[in-house]
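Chains, contacts and geometry: an overview
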Amino acid sequence: MTNTTDTLDLTAIVDRYLAVWTLADPDDRAEAVAGLWTPDGVEFIEGKQYRGHAALVERVTEAYEAFIAGGAYTASGGDDATRHGDLVTFTIRLDHAQGDAAGETAWSARVFLGLDGQGRVREDYQLTVQPLVAA
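Residues numbered from 1 in each chain as written. Predicted model: local features only at pLDDT ≥ 70, side-chain atom pairs only at ≥ 80, totals over all residues. Heavy atoms only, no water.

1. As for the packing of helix α1 (residues 10-20) against helix α2 (residues 26-36)
Relative orientation of the contacting elements α1 and α2 amounts to 145 degrees, with a least axis distance of 10 Å. Our pair here, α1 against α2, has a crossing hand that is left-handed. Contact with α1, carried on its side by I13, R16, Y17 and V20, involves R29, A32, V33, G35 and L36 of α2 and no other residues of that element. In terms of residue class, the contact of α1 with α2 is built from six nonpolar, one polar and two charged. (Axes fitted to C-alpha atoms, helices over the stretch in contact; angles between N-to-C directions. Helix = DSSP H or I, 4+ residues; strand = E, 2+ residues; numbered from the N terminus. Left-handed = near helix turned anticlockwise from the far one by under 90°. Contact = heavy atoms within 4.5 Å. Nonpolar A, V, L, I, M, F, W, Y, C, P; charged D, E, K, R; others polar.)

2. A short note on the nonpolar core
Judged by nonpolar contacts, the single largest core of 29 residues is most densely connected at I13, Y17, W21, W37, V88, I92 and L113. Sorting the residues of this core by element identifies α1, α2, β1 (37-45), α3 (52-68), β5 (87-96) and β6 (105-115) as the ones contributing at least two each. Setting aside chain neighbours within four positions, we find I13 in contact with L8, L36, V88, L113, L115 and G119. (Core = buried A, V, L, I, M, F, W, Y, C linked by side-chain atoms within 4.5 Å. Buried < 20%, exposed > 50% of the residue type's maximum accessible area, 1.4 Å probe, protein only.)

In structure tokens form, the structure reads like this:
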């Protein structure tokens, strides 16, 4: 029996992950979270965890409003994605979108995704590589 993760399109999962953080419409964001994470999926970041779709929607919304909505940063990355079985890893970045630093990376993290048999995220770990400088 072939598991979906055996034929997983690595680019598609990374693109979906990056996109969820940039969606302006709350309904689109909630739908994207539900399609990306399992119902009991969890994200671990900076000593915190967000478990289940409601908590993940709240987490993604807070990040969107803090970093993307005002146009200060763009989310990018994923060009170094790799996988081993049901584990996917890549780098995500927040790049300055304006001013003298436009295009420069302000923050980055290594993302590790543990997937279920349908390619949905069960566990999501963001390990900061380059922290944001305090404003």
